[in-house]
Amino acid sequence: MKNIRFILLSTLFIAFLASCTKSTTEVEPEVDPTADLLKIGEGNFSSTTVEIFSDGEIEVGYQRLFVRLKQGGEKVVTRARVEIFPLMDMETMKHSAPYENPEAIVSENGLFEGAVVFIMSGKWMVTFTLQNLENGDSGKVTLTLDVAASQRVKKVTGSDSATYFVTLVEPRAPRVGMNDFEITVHKKESMMAYPAVTDVETTITPTMPSMGHGSPNNEHPVHQGRGHYRGKVNFTMSGAWRVDLQIQRGGQPLCEVAFDIQVP
Amino acid sequence: MIRRQVRWIVITWVILWSGFLAPAVAQAAATIRVAGQVLDRDSKTPVPFANVRVVGTVQGTGCDSTGHFWLKLAPGKYQLEISALGYQTAFVTLRVGSDTPAYVQVWLTPQAIHYSEEVVVFGEMERQPEPRLNSTEAVMEQVEGVTLIKRANFAWEPSLRGMQAAQVGIVIDGMKIFSACVDRMDPVTAYVEVENLQQLDIRKGGFDLTLSPAIGGTINLITNKPDFEKPFSFRTETGLETAARLRVLRSEINFARRSFAVRGTFSIKHAGDFLAGEGRRIAGSGYRKYNFDISLARRWGSRHRLEFSLIGDEARDIGYPVLLMDARKTSSRIVRLEHFWRFNGGWLSSIRAKVYANRINHWMDDYERDVTRRRVMPNMYMPMFGQTRTMGWLEEIRFQKGRHVLNVILDAYRLWAFADMQMIGLEPGSSPAYLVNLGDVVDQQMAVALDYSWMIHSRLWWRTNFRVDVSRRDVTSPYGRQALTGFWNRENFRRHYATLGISTSLEYQLDRYRSIRLSLASGQRMPSHMENYGFFLYNIVDGYFYTGNPDLKPEWSRQLEVMLAQTASRFSYRLVGFVNDIRNYISGTIQSPEFKVYTNLSAVYLVGGEFRGEFTLSPSIAASWRLAYVYGQNRTFEEPLPFIPPLEGLFTISYDHNGLWLAVESRFAAPQRRIAYRTTLEDETPGFAIVNVRGQYAIHPRVTLRFGVENVLDRYYHEHLSVNNFPAVGRNVYLLVGIRIPGK
Ligand SMILES: [Cu+2]
Ligand SMILES: [Cu+2]
């Protein structure tokens, strides 16, 4: 009887200890780089086939676009030059939008990433000028995209009377707690030229308008290059948040915008 | 007003010191020698080293190795309480005549039949075999060094020697239970109603490590168990208290048949808004509370005993006028299964094993408040919910060989805690918000404690404790972890802790009456699950939202205690002084406007002492004095520690004769001007003195009346540990009628 008890006790002890040292082994599977992407169009030039992907439904805002070239429809091209040009034809006038060409001409996984800031909803034509650096072929592919509406792009007139586009890049999937906060700032120089603004300072103030409080530990976005400003925003709870963004240049207020963000 | 209080304090001090200097005189008064022997009922052999205590006093003595003891008592009627390791505690009524020396023989029954928890050296047992006080809180309040934190007219939380919350371990029959309310509305002491409280076992300071590693001390609420000696008994009591129009009904029933016993209790309390002093009604302070306890016991001879118990507690609509919200509903269930096994002969004397589980649910809201005028988070309702579930296993193995006793305690439990809050805006169309205060926090703990005592010789006793605790804790809900990333830049919140506690104590009998004890301890207290992982915890005292800190280190305390006690027939006293030096003291520091995080401050210390004196003025008249003082200083911020009670005391004169018991008490506290202003926001509290009168009278063997007037002078005051200057209850007249079958 004593022994049984002892065995029982030691089993419990060991079971407890064992529960503290659970180990898991994970095998990393080979990943298709386009697995999480959405194919939005394809085309070809010479012997090169072209696939174009996005990382989500196309809507107003900062839209990442990925181009993959295949030699003879099989072999992934890892050296290429890709240029993007978006255009909206509104019959009475035409205009472009801010965009970013892929910086790299070498891509190990064969994806060349660029971006377009769609500043309006509606029909856009995006032209990809492509050069296969492995065989020297070049060509163009044009996609017509239906861009859905969203609140992620704010058009404001600055204190210098110029028009600016401020775009919310992150958080794309806001969640409670600390989130990356990223915006792009572009200036409209003409209907066809929207250069990145790289010389402004930004401050953010998140609040819950219906609650009347903010949150601590936010980090103001700082310029990272190509008009991208990155900081941190802390959503302490679920609900409707507003992030007020002040943009200054040389200490002088330039413009203010606000993004409404629903945190699930 | 203040002058009068000062006078009170001066007078009581004078009485105290004159009493202190008078013991030699007091002992010279006519006393009769009472001798006796304690014997084992089964083996008919003497029981060595049993403890003999005169109930209602601190008078007592110990038996020698042949079971003999002697006492000096004034003529009168006494109840002796005889306890010994491994035996059922016995109560013996003793009449001491005016001239004949008395001799008593006490038979002790081996413990398995009706055990009481073992004799405590480090702490004190407050016993209530006959409830003379109306609540568990009232019993605690009588103990010097215990100060109650009052947030409402309900469920007061004990602090010990200036230590509180996670620094104090509160357990029920040794079982770990954790409050579900993030605003600390539901201290564990609320779950044991006075009819279920067999003993209040208070172990001040970090010397006794058998039940918890808490550096402030441990309060064990020992519940009543089924009684095999009562084939049928029934007690009920009902009555009224005027201040809150409290109506109370409590009943207890016990059945026993040979080797089986059942006990059940039930109590109802309904209270309305109470009257503070000077007739001021405190709106929104009522409550309803229901409590039950069912326990079953089965025994096999005198060696095995199996027990099952279920405690249930339900409360509704508890008003917290000084907090932001009221508790709407609380519900708890506490289940215990226990096996006690006694061994005859050999060095293994007993094994007690418990498995237990408990669940606390707590709902609170501000639906009955005018939230438009609230300073913090206005114009919204904030219903909150909290839940804890704890499962545990507690094993106590006792070895005894001659004068050596070793207890080995294995203590393991798992706590799961969750709390959340909704925010519902008043304006139409405003969108609601939601947050999680505790995101499925899981804390798994395991401890081994050794408790060794050795009676080196009949005048010198040594006891030492050793305890190791390990904990593995984490926030298991992804949502809860995400919320914390707003304060802590990390993905993994898992923590491991290991703490070590050690204490040692030497007690020496100076002469026939007096003994001295020196105790030393070094212990660590792990952060609580709220201190590690709490989120958005609003602190009403300083108005900050507190966030847990997963990087906290355990608090490390080193303590010293010196006790001088005298146990004599006319005057007994106990004087204790202590020093408590704490490193890594956990406190909130401002992290950003409105937000604080828990942080380890480098160093604080507390110094203090307690005094308890008991005078037997005549066979039926006794007086007692209790005083406690703590001085707490934060060395890092060079300011007083917060929530430190001022000098406080209780003076009681009681009369007990022929079924009539009467007592006049004066409870007083000096002003507290030492307040924290950097780490939190306190205000100074004026002193006070109140007078209570209590009585009990058996009008019939089956019928007892209990009556009294608390705060006779109807003073309007608050205590320093009352949150947001929550006022104390004003004049309160109570009358309760109790019926018992069979009668006395
Ligand atoms: Cu347009
Ligand atoms: Cu609560």
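So, about the domain arrangement of chain A. Residues and elements named next belong to chain A. According to the domain assignment, chain A contains domain 1 (38-147) and domain 2 (153-263). Here the C-alpha centre of domain 2 lies 27 Å away from the C-alpha centre of domain 1. Summed over both sides, the interface of domain 1 with domain 2 buries roughly 1,400 Å², with 60% coming from carbon and sulfur. When residues of domain 1 are sorted by the area they lose upon contact with domain 2, Tyr62, Pro98 and Glu100 head the list and together hold 33% of the total.

Residue and element names in this part refer to chain A. The protein atoms that coordinate the copper ion (ligand 1) are Met90 (SD), His95 (NE2) and Met120 (SD), at distances spanning 2.0 to 2.3 Å. Here the donor residues for the copper ion (ligand 1) map to a single chain with the spacing M-x4-H-x24-M. In this pair, methionine 90 is assigned in the loop between β5 (80-89) and β6 (94-95) and methionine 120 in the loop between β8 (111-118) and β9 (122-132), connecting sequence segments 30 residues apart. Of the residues examined, methionine 90 reaches a relative accessible area of 30% and is grouped as partly exposed.

A word on the sheet that holds strand β12 (residues 163-170) of chain A. Residue and element names in this part refer to chain A. Spatially, β11-β12-β13-β17-β16 is the arrangement adopted by the 5 strands of the open sheet, whose pairing is antiparallel. On the outer flanks of this sheet lie β11 (153-157) and β16 (219-225), each paired with one strand and no other. In this sheet, adjacent strand axes meet at a mean angle of 25° when their direction is disregarded. Sheet analysis places β12 next to strand β13 (residues 177-188), joined by 7 bridges and oriented antiparallel. Paired with valine 166 across the two strands is valine 185, which belongs to β13.

This next bit is on the interface of chain B and chain A. Contacts between chain B and chain A engage 35 residues on the former and 27 residues on the latter. Roughly 2,700 Å² of surface becomes buried between chain B and chain A when both sides are summed, with 66% attributable to carbon and sulfur atoms. In the side of chain B that touches chain A, the residues fall into 22 nonpolar, 11 polar and 2 charged.

Buried within helix α4 (residues 478-485) of chain B we find B:Gly480, B:Gln482, B:Ala483, B:Leu484 and B:Thr485. Against β13 of chain A together with β25 (433-457), β26 (460-475), α5 (529-533) and β30 (544-547) of chain B lie the buried residues of α4(B).

The subject of this paragraph is the coordination of the copper ion (ligand 2). Residue and element names in this part refer to chain B. Surrounding the copper ion (ligand 2) are the protein donor atoms Cys181 (SG), Met185 (SD), His362 (NE2) and Met364 (SD), which sit 2.1 to 2.5 Å from the metal. Viewed at the metal, the 4 donor atoms of the copper ion (ligand 2) are separated by angles of 98 to 121°, and the geometry they form is tetrahedral. If you list the donors of the copper ion (ligand 2) from N- to C-terminus, the spacing comes out as C-x3-M-x176-H-x1-M. In this pair, methionine 185 sits in the loop between β12 (175-176) and β13 (197-204) while methionine 364 sits in strand β21 (residues 348-365), placing the two residues 179 residues apart along the sequence. What makes methionine 185 buried here is its relative accessible area of 2%.

Our focus in this paragraph is the sheet that holds β5(A). Residue and element names in this part refer to chain A. One open sheet accounts for 4 strands, arranged β6-β5-β9-β10; its pairing is antiparallel. Edge positions in the open sheet fall to β6 and β10 (138-147), since each of these has one partner strand only. As paired strands, β5 and β6 are joined by 2 bridges and run antiparallel to one another. Along β6, the bridge assignment pairs methionine 88 with histidine 95.

All names here are of chain B. Taken as a whole and assessed by the stated rule, the structure comprises 31 aromatic pairs over all chains. Of the aromatic side chains, those joined through ring pairs into one cluster are Phe487, Phe535, Phe536, Tyr538, Phe545 and Phe595. Against the face of tryptophan 556 rests arginine 558, its NZ or CZ located 4.6 Å from the ring centre. Over the face of the ring belonging to tyrosine 631 we find arginine 674, whose NZ or CZ atom lies 3.7 Å from the ring centre.

All names here are of chain B. Looking at the secondary structure, you find arginine 250 in strand β16 (residues 246-257). Of note is the side chain of arginine 250, whose polar atom sits 3.1 Å from the side chain of glutamate 195. In this structure arginine 250 touches Asn134, Val194, Glu195, Arg235, Thr236, Glu237, Phe266, Ser267, Lys269, Arg706 and Leu736, once residues within four positions along its chain are discounted.

So, on to empty space enclosed by the protein. Residue and element names in this part refer to chain B. Counting across every chain of the model gives 11 cavities of 30 Å³ or more. Counted as a void, the largest cavity has a volume near 770 Å³. As for the largest cavity, its lining consists of 44 residues, of which Ser135, Asn153, Trp156, Glu241 and Glu710 are closest to the centre. Contributing elements (two or more residues each) for the lining of the largest cavity: α3 (136-141), β16, β17 (260-271), β18 (287-300), β37 (660-669), β38 (688-700) and β40 (732-741). Looking at which element gives the most residues to the lining of the largest cavity, the answer is α3, with 4 residues. Residues that form the lining of the largest cavity fall into these classes: 21 nonpolar, 10 polar and 13 charged. For the second largest cavity, the calculated volume is near 140 Å³. Taken together, 16 residues line the second largest cavity, and the ones lying closest to its centre are Glu141, Val143, Val146, Glu648 and Arg667.

With that settled, consider the pattern of salt bridges. All names here are of chain B. For the coordinates displayed, the defined rule picks out 76 salt bridges over all chains. Arginine 336 serves as the salt-bridge partner of glutamate 338, at 2.6 Å between the closest nitrogen and oxygen. On the accessibility criterion, glutamate 338 (2% relative accessible area) is buried. Put simply, arginine 612 and glutamate 614 hold a salt bridge, and the shortest N to O gap is 3.8 Å. For the pair shown, arginine 612 and glutamate 614 are each scored as buried. Each of Asp173, Lys225, Arg305, Glu307, Arg336, Glu338, Arg352, Lys354 and Glu396 takes part in a single network of salt bridges with overlapping partners.

Glancing now at the domain arrangement of chain B. Residues and elements named next belong to chain B. Assigned domains within chain B: domain 1 (33-108) and domain 2 (120-425 + 433-741). When each unit is reduced to the centre of its C-alpha atoms, the spacing between domain 1 and domain 2 is 32 Å. Listed by partner, the interface residues are 20 residues for domain 1 and 20 residues for domain 2. Here domain 1 packs against domain 2, burying approximately 1,700 Å² in sum over the two surfaces, 60% of which is carbon and sulfur. Inspection of the domain 1/domain 2 interface yields 0 salt bridges.

Quick look at the pairing of strand β3 (residues 61-71) of chain A now. Residue and element names in this part refer to chain A. Counting buried positions over the 11 residues of β3 gives 10, a clear majority of the element. Across 7 bridges, strand β2 (residues 48-54) lies against β3 in antiparallel orientation. When the bridges of β3 are listed, glutamate 51 appears paired with arginine 68. Hairpin connection, β2 to β3: the antiparallel pair is bridged by 6 residues. Examined bridge by bridge, β3 and β8 share 8 bridges and lie antiparallel to one another. Bridging from a neighbouring strand, leucine 65 pairs with glycine 114 of β8.

What follows concerns unusual backbone geometry. The step from A:Glu170 to A:Pro171 runs through a cis peptide bond, and the omega angle for that step is 5°. Note that A:Pro171 resides in the loop between β12 and β13. Following B:Ile741, the chain continues into B:Pro742 via a peptide bond in cis, with omega recorded as -5°. Here B:Pro742 shows up in the segment after β40. Phi angles above zero are rare outside glycine, and A:Asn217 is one such case at about 70°. Residue position: A:Asn217 is located in the loop between β15 (213-214) and β16. Positive phi values are uncommon outside glycine, yet B:Asn725 reaches one of about 55°. Positionally, B:Asn725 belongs in the loop between β39 (703-710) and β40.

Another point: the nonpolar core. Within the largest apolar cluster, 135 residues are counted, with the highest numbers of intra-cluster contacts made by A:Ile183, A:Leu245, B:Ile172, B:Met377 and B:Met423. The greatest single-element share of this core, amounting to 7 residues, is contributed by strand β24 (residues 404-425) of chain B. Of all hydrophobic cores here, the second largest spans 33 residues; its members include A:Val67, A:Leu130, A:Leu143 and A:Leu145.

Definitions and limits used
Residues numbered from 1 in each chain as written. Chains lettered and ligands numbered in written order. Predicted model: local features only at pLDDT ≥ 70, side-chain atom pairs only at ≥ 80, totals over all residues. Heavy atoms only, no water. Domains from an automatic or database assignment. Buried area = accessible area lost by both parts, 1.4 Å probe. Donors = N, O, S within 2.8 Å, 3.2 Å for Na, K, Ca; no water. Helix = DSSP H or I, 4+ residues; strand = E, 2+ residues; numbered from the N terminus. Buried < 20%, exposed > 50% of the residue type's maximum accessible area, 1.4 Å probe, protein only. Pairing = 2+ DSSP bridges. Axes fitted to C-alpha atoms, helices over the stretch in contact; angles between N-to-C directions. Contact = heavy atoms within 4.5 Å. Nonpolar A, V, L, I, M, F, W, Y, C, P; charged D, E, K, R; others polar. Tetrahedral: all angles 85-135°; square planar, octahedral: opposite > 155°, others 65-115°. Phe/Tyr/Trp six-rings, centres within 6.5 Å; stacked < 30°, edge-to-face > 60°. Lys NZ or Arg CZ within 6 Å of the ring centre and 35° of its normal. Polar contact = N/O pair within 3.5 Å; in protein donor to acceptor, adjacent residues only side chain to side chain. 1 Å grid on protein atoms, 1.4 Å probe; cavity = no way out; pocket = protein on both sides within 12 Å on 5 of 7 lines; lining within 4 Å. Points joined across faces, edges and corners; volume = space filled by probe spheres on them. Salt bridge = Lys/Arg side-chain N within 4 Å of Asp/Glu carboxyl O. Core = buried A, V, L, I, M, F, W, Y, C linked by side-chain atoms within 4.5 Å.

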